[in-house]
Amino acid sequence: MRVRYTFVLFILSLTMSAVTALAQSGYSYTTIDYPAAFNTGVFGITKAGQMSGTYFGNDGVAHAFICTDGKFSRLDFPKAGRTFGFGINEAGWIVGYYIDTDNKVHGFLHDAENFTALNYPDAAATRAYGLNASGQIVGSYQDSNNVTHGFLHEKGKFTSIDFPGSTRTEVYGINNAGVMVGYYSDSDSNVHGIQGKPGALTSFDFPGAQRTTLYSITESGQVAGSFSDHNKNHGFIKEGNVRLHYPGALSTFGFALNDSAEVVGQYVDEDSVDHGFLAVKGKEQAPQISLRLDPDNMTSGVGAFKLTVRGIGFVPGSVLHWNGTARSTSFQDSSHLVANIEAADVATPNVASLVVVNPGANGARSNVVAFVVHAGPTP
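Just so you know, these numbers come straight off a predicted model, no measurement behind them. (Residues numbered from 1 in each chain as written. Predicted model: local features only at pLDDT ≥ 70, side-chain atom pairs only at ≥ 80, totals over all residues. Heavy atoms only, no water.)

(A) Fine view of the overall build of the chain. The secondary structure content of the chain amounts to 0 helices and 33 strands. The buried share of the chain, reckoned over its 379 residues, is 54%. When contacts within the chain are restricted to residue pairs at least 6 apart in sequence, those whose partners lie at least 24 apart make up 46%. Carbon and sulfur atoms make up 50% of the accessible area of the chain, which totals about 16,400 Å². Once the 24 positive and 32 negative side-chain charges of the chain are each reduced to a mean point, those two points are 1 Å apart. (Helix = DSSP H or I, 4+ residues; strand = E, 2+ residues; numbered from the N terminus. Buried < 20%, exposed > 50% of the residue type's maximum accessible area, 1.4 Å probe, protein only. Contact = heavy atoms within 4.5 Å. Areas by Shrake-Rupley, 256 points an atom, 1.4 Å probe, with all protein chains shown as cover. Lys, Arg positive; Asp, Glu negative; His and termini not counted. Charge placed at Lys NZ, Arg CZ, Asp CG, Glu CD.)

Below is the structure:
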């Protein structure tokens, strides 16, 4: 059994929420997974759609990444045991944190060419989460008493950030005007979003939420974050109180948005596996295949079998294509299809490409998922 390595910022684990293929908020969703990763989270996006985040391999090791025009580049702080990528600015610079071989936590800046370590003076741990075009960086640090504070780093100088009366403060995003967002915990351990500049922070709670966190703010002042209600977690956009929830997910976290209203984040599927996502407003939901097929691999020579395909955006008439050829497919619901895989498809070892195509002359096509047919036993 594989261990689930999660990095949803220690927020919450949640229960299933069934929704239609097109989210009530009017957003459509695309899964973003680093190739062959076990868990992926997308935590930053630029105006041009360049994304940043973190993925875990099956060995449990974390790596930062940048995704440009659908192509992923892995980033690892030199000699670090694990590297976590978070915010990105328009120049393609990203920030995050790494864990060294002594298990100590340090922030970092990658300026598209080189890494620079960021350490709040005398801190037990430093994590960088967001940056803007002028290179201002925000994040959090733990002091010698293990109390967590936010920080602003500018021109080599750190400034500590604490919401008045809080027991914990973290800052995640900063726009080009220097307005920051994050969250704080009060004396009763309730979590509230924060927004503003040092010395002038205001509190924000999503209507009806039990806890609210703000993660990103754009140049125009749009804010994205996450909230929980009755043990369910959702992403949201503050302007208009727009709720975001990946269809069929156990939980959804909204981490960043750009001025084109594109939102990125992370969701947890029905197998408790983390995936990144991109949400786009006003676009019809295209089918998406989850990496968790049933079965998710096969031994050659076993004969014909039924393959359960899980995902979102399926409709009556959706058809699974195996290496470009349609297979007889039964619609179960918007998240489940059952396809008849022929004996010839698995007669020999191979890696098949799976795509779901929705009906219509220009039917929407899903992402491509690989299905491995392993070699059978030697006679």
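Moving on, there is more to tell.
(B) Expanded view of the nonpolar core. L307, V309, L354 and F371 are the most contacted members of the largest nonpolar core, which totals 19 residues. Taken together, the elements giving at least two residues each to this core come down to β27 (305-312), β28 (319-322), β31 (336-341), β32 (350-357) and β33 (369-374). Beyond its immediate chain neighbours, meaning those up to four positions away, L354 contacts I289, L293, L307, L320, H321, W322, N367, V368, V369 and F371. Listed in part, the 18 residues of the second largest apolar core include F84, F86, I99 and V105. (Core = buried A, V, L, I, M, F, W, Y, C linked by side-chain atoms within 4.5 Å.)

(C) View of the pattern of salt bridges. Inspection of the entire model under this criterion finds 7 salt bridges. R327 serves as the salt-bridge partner of E342, at 3.9 Å between the closest nitrogen and oxygen. Linking E342 in the loop between β31 and β32 with R327 in strand β29 (residues 325-327), this pair joins segments that are 15 residues apart in sequence. A relative accessible area of 41% means that E342 is categorised as partly exposed. (Salt bridge = Lys/Arg side-chain N within 4 Å of Asp/Glu carboxyl O.)

(D) Quick look at unusual backbone geometry. A cis amide bond, omega -5°, links D294 with the succeeding residue P295. Here P295 shows up in the loop between β25 (288-289) and β26 (297-299). One non-glycine residue, N103, adopts positive backbone phi at about 65°. Along the polypeptide, N103 turns up in the loop between β7 (94-99) and β8 (105-110). One non-glycine residue with positive phi stands out, namely A261, at about 65°. If you trace the backbone, A261 turns up in the loop between β22 (251-257) and β23 (263-268). Given the relative accessible area of 18%, A261 is considered buried.

(E) Representation of the sheet that holds strand β5 (residues 71-75) in the model. Taken in spatial order, the 4 strands make up an open sheet running β2-β3-β4-β5, and their pairing is antiparallel. Of all strands in the sheet, those with a lone pairing partner are β2 (39-45) and β5, marking the two edges. For this sheet the average axis-to-axis angle between neighbouring strands, irrespective of direction, equals 30°. In this sheet, strand β4 (residues 62-68) lies alongside strand β3 (residues 51-56) in antiparallel orientation, the contact comprising 6 bridges. (Pairing = 2+ DSSP bridges. Axes fitted to C-alpha atoms, helices over the stretch in contact; angles between N-to-C directions.)

(F) Structural context of the pairing of strand β30 (residues 329-333). Judged from the 4 bridges that link them, β30 and β31 form a sheet pairing that is antiparallel. Along β31, the bridge assignment pairs T329 with A339.

(G) The pairing of β22, seen in detail. With respect to burial, β22 is a largely interior element, 7 of its 7 residues being buried. One ladder, built from 6 bridges, connects β22 with β23; its direction is antiparallel. Across the sheet, residue G254 finds its bridge partner in β23, namely G265. Between β22 and the antiparallel strand that follows it, β23, lie 5 residues; A261 among them carries a positive phi value of about 65°.

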